[in-house]
Amino acid sequence: MVRAAVLPAVGAPLEVTGIELPEPGPGRVRIRLAAAGVCHSDLSLSDGTMRVPVPAVLGHEGAGTVVSVGEGVTHVAPGDGVVLNWAPSCGTCHACALGEVWLCANALNGSGDVHARRGDDGTDLHPGLNVAAFAEETVVAAPCVLPAPDGVPLADAALLGCAVLTGYGAVHHAAKVRPGETVAVFGVGGVGLAALQSARIAGAERIVAVDVSPAKEELARHAGATDFVLASGTTHREIRGLTDKQGVDVAVECVGRAATIRAAWDSTRRGGRTTVVGIGGKDQQVTFNALEIFHWGRTLSGCVYGNCDPAADLPVLAEHVRAGRLDLGALVTERIALEEIPAAFGNMLAGKGGRALVVF
Ligand SMILES: [Zn+2]
Ligand SMILES: [Zn+2]
């Protein structure tokens, strides 16, 4: 029996309880978690904005040590450090064949499987976004396991699995920021902080952070922001004022709200690019008139998992960490226990902090 944070039903509070995991069967790996990040997507799953079969063990950003492996698993062995990949690609669907592995049609096929049983009443539990990282131990499919990079503390490496891949990929793969460009990042949470650091790595000249909370300014500046704008109804005008009335080349939206997406788009220059990373609900309708779409010649694009191929991007991120360009510790604003995840959700809703990291 190991302890885990279970979502009993959509809209219900998480419960920390004992769960029974099966021994890893063929092609599966058992891992003892070192740390798991609390991501906004976990909150979106718990409140029903995003849906997976429940009851489920949430948590999808984690790293740990291999305890045991099932038959046929050869890329990792007991004792190895690993980073969890919540969106394993199948390699055979249309998206995978095109090399767009982040859009794999089969990535979440495992979310309906039975992952574990509750220790108290035997209820079947599903694995949320595949990896069920809010637990002392988990059992996952081998493609969800990536060898942890050397030279990166295992607890910090957890962040690579979602926040950092997403923020880095939004800047490097989706927006393709070039040296000397100007970038605005809306929303300074875990992903926003990773996007700010990634804009700095990309050589962006001016990096504007936008958030509703003035308390985020210090975090944002440490992550590379050269300017901080407090979000308001006139955010786009302030950003244009900082950029010779032109607007930024690139806006990265990490909030997932209609007003913020619209403000991000309005903050870019003619021909600018806006990448939406935030996950919003169906009630968030963004409107544009036909003339402005023509006049501004801008691009608006979505972004899934940073449009990353985790197996290819992880070694690159690790090199940035080792060289001191990417500071994973600076993304973490609190280190917590499993029982404190609901409080971390509350902080997220209140717009406080960066990443909360559950440390086991
Ligand atoms: Zn996430
Ligand atoms: Zn696929």
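Note that the structure is a prediction, hence the values are computed from the model and not measured.

### What about the overall build of the protein?
Okay, so step 1: From N to C terminus, the protein includes eleven helices and 18 strands.
Okay, so step 2: For 360 residues, the compact-globule formula gives about 21 Å, and the C-alpha radius of gyration of the protein, at 20 Å, lands near that figure.
Okay, so step 3: Projecting the C-alpha coordinates of the protein onto the three principal axes gives extents of approximately 60 × 40 × 40 Å.
Okay, so step 4: Looking at the protein residue by residue over its 360 residues, the buried ones come to 54%.
Okay, so step 5: Contacts in the protein between residues far apart in sequence, at least 24 positions, make up 69% of those at least 6 positions apart.
Okay, so step 6: Summed over all atoms, the accessible surface of the protein reaches about 14500 Å², with 53% contributed by carbon and sulfur.
Okay, so step 7: Looking at charge distribution, the protein has the averaged site of its 28 positive side-chain charges lying 8 Å from that of its 37 negative ones.

### Thoughts on the packing of aromatic side chains
Given two aromatic rings, one states the distance between the centres and the angle between the planes to describe the pair.
Okay, so step 1: Within the structure shown, the criterion is met by two aromatic pairs.
Okay, so step 2: Aromatic side chains Trp-265 and Phe-288 sit 4.7 Å apart centroid to centroid with 65° between the ring planes, which places their arrangement in the edge-to-face category. Residue Trp-265 is located in helix H8 (residues 258–266), and its partner Phe-288 is located in the loop between strand E15 (268–276) and helix H9 (290–296); the two are separated by 23 residues in the primary sequence.
Okay, so step 3: The ring centre of Trp-265 lies 4.5 Å from the NZ or CZ of Arg-298, which sits over that ring.

### Some remarks on the coordination of the zinc ion (ligand 1)
Okay, so step 1: The zinc ion (ligand 1) binds to the protein through Cys-39 (SG), His-60 (NE2) and Cys-162 (SG); the donor distances cover 2.0 to 2.2 Å.
Okay, so step 2: Sequence spacing among the residues donating to the zinc ion (ligand 1) works out to C-x20-H-x101-C. Taken together, the residues Cys-39 in the loop between strand E3 (28–38) and helix H1 (40–47) and Cys-162 in the loop between helix H3 (154–157) and helix H4 (163–174) connect sequence positions 123 residues apart. When sorted by exposure, Cys-39 lands in the same class as Cys-162, which is buried.

### Let's talk about the coordination of the zinc ion (ligand 2)
Okay, so step 1: Coordination of the zinc ion (ligand 2) by the protein involves Cys-90 (SG), Cys-93 (SG), Cys-96 (SG) and Cys-104 (SG), with metal-donor separations of 2.3 to 2.4 Å.
Okay, so step 2: Each donor residue of the zinc ion (ligand 2) belongs to the same chain, with the gaps between them written as C-x2-C-x2-C-x7-C.

### Structural notes on the pairing of strand E17 (residues 332–336)
As a general feature of sheets, a regular strand has side chains that alternate between the two faces.
Okay, so step 1: Judged from the four bridges that link them, E17 and strand E18 (residues 355–359) form a sheet pairing that is parallel. Residue pairing for E18: Val-332 is matched across the bridge by Arg-355.
Okay, so step 2: Tracing the backbone out of E17, into helix H11 (residues 341–349) and back to the parallel element E18 gives a crossover that is right-handed.

### Brief notes about the environment of Ala-36
Okay, so step 1: Tracing the sequence through the fold places Ala-36 in strand E3.
Okay, so step 2: Judged by relative accessible area, Ala-36 falls into the buried class, the value being 0%.
Okay, so step 3: Along the primary structure Ala-36 and Val-16 are separated by 20 residues, whereas in three dimensions their C-alpha atoms are 15 Å apart.
Okay, so step 4: Once you skip the residues sitting within four places of it in the chain, Ala-36 turns out to touch Glu-61, Gly-62, Ala-133, Phe-134, Ala-158, Ala-356, Leu-357, Val-358 and Phe-360.

### Let's talk about the sheet that holds strand E4 (residues 56–57)
Okay, so step 1: Spatially, five strands are ordered E4-E1-E2-E7-E8 in an open sheet, and the strand pairing comes out antiparallel. Unpaired on one side and paired on the other, E4 and strand E8 (124–125) mark the two borders of the sheet.
Okay, so step 2: Both strand E2 (residues 15–20) and strand E7 (residues 116–118) contribute to a ladder of two bridges, which runs antiparallel. Its bridge partner being in E7, Glu-20 is matched across the sheet by Arg-117.

Calculation rules
Residues numbered from 1 in each chain as written. Chains lettered and ligands numbered in written order. Predicted model: local features only at pLDDT ≥ 70, side-chain atom pairs only at ≥ 80, totals over all residues. Heavy atoms only, no water. Helix = DSSP H or I, 4+ residues; strand = E, 2+ residues; numbered from the N terminus. Rg over C-alpha atoms; globule rule 2.2 N^0.38 Å. Buried < 20%, exposed > 50% of the residue type's maximum accessible area, 1.4 Å probe, protein only. Contact = heavy atoms within 4.5 Å. Areas by Shrake-Rupley, 256 points an atom, 1.4 Å probe, with all protein chains shown as cover. Lys, Arg positive; Asp, Glu negative; His and termini not counted. Charge placed at Lys NZ, Arg CZ, Asp CG, Glu CD. Phe/Tyr/Trp six-rings, centres within 6.5 Å; stacked < 30°, edge-to-face > 60°. Lys NZ or Arg CZ within 6 Å of the ring centre and 35° of its normal. Donors = N, O, S within 2.8 Å, 3.2 Å for Na, K, Ca; no water. Pairing = 2+ DSSP bridges. Right-handed = clockwise from strand over helix to strand, strands pointing away.

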